[in-house]
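Summary of the model geometry
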Amino acid sequence: MTEYDLPGMRVREHTVPVPLHWDADDGATIDVFVRELVRPSRDADDLPLLLFLQGGPGGKGPRPVGRGDWVDRALRDFRVVLLDQRGTGRSTPVTARRIGALADPAAAARYLMAFRGDSIVADAEHVRATLYGGRRWTTLGQSYGGFLTLTYLSRAPQALDRCLVTGGLPGLTADAREVYRRTGPRVAAKTRRFYERFPGDVDRVAAVADLLAAEDVRLPDGDRLTVRRLQTLGHALGTGTGAEQLHWLFDEALVDGAPSPGFLDEVARRTSYWDNPLYAVLHESIYGSGPGATGWAAEAERGPDLSPDLRPLPFTGEMVYPWMFDEIASLRPFRDAAHALAALPEHPPLYDPARLAANEVPVDAVVYFDDMYVDADLSLQTADAVGNVRTWVTNEFEHDGLRAGDVLDRLLGLRDR
C-alpha cells in the first residue's frame, strides 16, 4: 500500500491481483488498481464506503486535482473508493502489443470479452472482500457506471447498501441498433442547435470539411484527417460546455486557408484514442447481452443524413465505426480483434430481469431528459422494471452533470423528499 496526502484528502493506493477470466480456472491473472480517498480529519472514523463506477467503457478512475467537485462532496460522508476498471489506468492495461501477441482474432476477442461489465463487478466484489472485509458499500455509477450498477444488482445485491446513478440507466433489453436509432436523432438535434446558436460556424466547419475532402491533411501523429473523422467531434455536444468547446475549436481552425497547428493538435487529442483504445474497442459490446451479434450497429444505422458530403456538415456522437480501425493509428492494432468481437453471435447476459424486478436495494437515479448518449425513454422503462428505484428527471444538466453541478448532493437527498 502507498499512502500520501492531497489538499483536503488522504490517499491510499492498492494493487490487487484478480483472475483474468472469472469463469475459468486457467491461472491467468491481471492486476486491478484501487485508490481510496478520505478526509484526514475523518480517517479514524468508521465511515461508510462509496465505490465510484466511472463512465466508459475503458475509463479509468478520476484523478483528484482539487476541492469543490463531486469527490469533495462525497468525502463529507464517505470513504471514497476509486477503481481503475480492469484494462485501464494503473490496472493491467490492454495494449496493442498484448493484443498482437495473441494467436488469432478469435483469441483476441476472447481476451477482450474478459474486460466487460460482468468481470468488472467480479473485481469489485473481490476488492470489497480483500480490502474491506466484505463490508457493504454504496455505489455511484456515472454513465457506463450505471450499466455496471445494474449488473451488480443482478449478480451481488447483498453487497450494496444503496446505488446512485447519474445518467446511466441502460435499456435492459435494447440492443445496440435500437440504442443508436434512439440517440441518433438527439445528435442531429444538438447539431442543429449548435449551428443555430453559432451561425457563423456553418461556413467555418464547411470550409474545413471542403479542404479535408480536397487535400491530404495530416494530424501530428501522421494520421490523415478525413471528413468523417472530423464529424466525430460532435461527441462533445452531449456535455454542458460542448457547444462552446466546438465553437472555439473551429473559430481558429484555418489560418491563411490552411488548418492551424493548434486546431490539428486539438483534433488529434479528441479523436486519437491513444489514452483509451478500449473505449472504441469495447463500445458496442456493452450492449451485448444474450444472443445476437452487435455487428457494427452504429454503421448499420448510419443513414445518408450523416454523409460527409452534406453541408452544413452533420456531426456524429459517441458512435464507433469500423472505418475508425483503419484510419486511427492507435486503433489499427485492434482492427481484426474488433471485427471478431462485433461478429460474436452471443454474449453472456449482463442483467437478470427477475432479480432486478425483485430488487430491494435503494436505487436513486438522475435521468437527463436531453441526454445524447443514454436514451431517457429507455432509462425510464428500466426504472419501471427494477424494484425500489426513484428517478429525478431533469433537463437542467447534460450528460456530465455530476462534474458540472450539485447533482450528487441533490441525489443523496432524494430519499428525503
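Everything in this summary refers to the structure shown in the same document. Only a predicted model underlies this, so the values are computations on that prediction, with no experimental measurement involved.

Packing of helix α4 (residues 117–132) against helix α5 (residues 144–155) brings their axes to within 9 Å, and their N-to-C directions diverge by 70 degrees. Overall, the two elements α4 and α5 adopt an arrangement that is roughly perpendicular. Between α4 and α5 lies a crossing whose hand is right-handed. Residues Gly117, Asp118, Ile120, Val121, Ala124, Glu125 and Arg128 of α4 form the contact with α5, whose own contacting residues are Tyr144, Leu148, Thr151, Tyr152 and Arg155.

In this model, helix α6 (residues 176–197) (22 residues) spans 31 Å end to end at C-alpha, consistent with the 32 Å of a helix rising 1.5 Å per residue. Helix geometry: α6 is bent most strongly at Thr183, by close to 25 degrees, with proline Pro185 lying one to four residues after it. Residues of α6 that are buried include every one of Ala176, Val179, Tyr180, Thr183, Arg186, Val187, Ala189, Lys190, Thr191, Phe194 and Tyr195, and no others. Considering only its buried residues, α6 is in contact with α7 (200–214), α9 (242–251), α12 (297–301) and α16 (376–385).

In this section: the environment of Arg193. The residue Arg193 is located in helix α6 in this model. Through-space distance from the C-alpha of Arg193 to that of Ala243 is 8.9 Å; in sequence the pair is 50 residues apart.

Moving on: the nonpolar core. Among the nonpolar cores identified, the biggest contains 110 residues, and Trp137, Phe250, Phe263 and Phe325 are the most heavily contacted of them. What Phe325 contacts, discounting residues up to four positions off in sequence, is Ala280, Val281, Trp296, Val320, Leu331, Arg332, Phe334, Arg335 and Ala338. If you look at the next biggest cluster of nonpolar residues, it comprises 24 residues, including Met9, Trp392, Phe397 and Leu414.

In this section: the side chain of Asp400. Along the chain, the position of Asp400 falls in the loop between β13 (389–394) and α17 (401–404). Within the buried set, Asp400 has no salt-bridge partner at all; the shortest N-O distance to an opposite charge, 4.9 Å, is to Arg403. Leaving out residues up to four positions away in the same chain, Asp400 has contacts with Thr239 and Gly240.

Scoring rules and cut-offs
- Residues numbered from 1 in each chain as written.
- Predicted model: local features only at pLDDT ≥ 70, side-chain atom pairs only at ≥ 80, totals over all residues.
- Heavy atoms only, no water.
- Axes fitted to C-alpha atoms, helices over the stretch in contact; angles between N-to-C directions.
- Helix = DSSP H or I, 4+ residues; strand = E, 2+ residues; numbered from the N terminus.
- Parallel < 35°, antiparallel > 145°, perpendicular 65-115°, else oblique.
- Left-handed = near helix turned anticlockwise from the far one by under 90°.
- Contact = heavy atoms within 4.5 Å.
- Expected span 1.5 Å × (residues − 1).
- Bend = angle between axes of the 7 residues up to and from the residue.
- Buried < 20%, exposed > 50% of the residue type's maximum accessible area, 1.4 Å probe, protein only.
- Core = buried A, V, L, I, M, F, W, Y, C linked by side-chain atoms within 4.5 Å.
- Lys, Arg positive; Asp, Glu negative; His and termini not counted.
- Salt bridge = Lys/Arg side-chain N within 4 Å of Asp/Glu carboxyl O.

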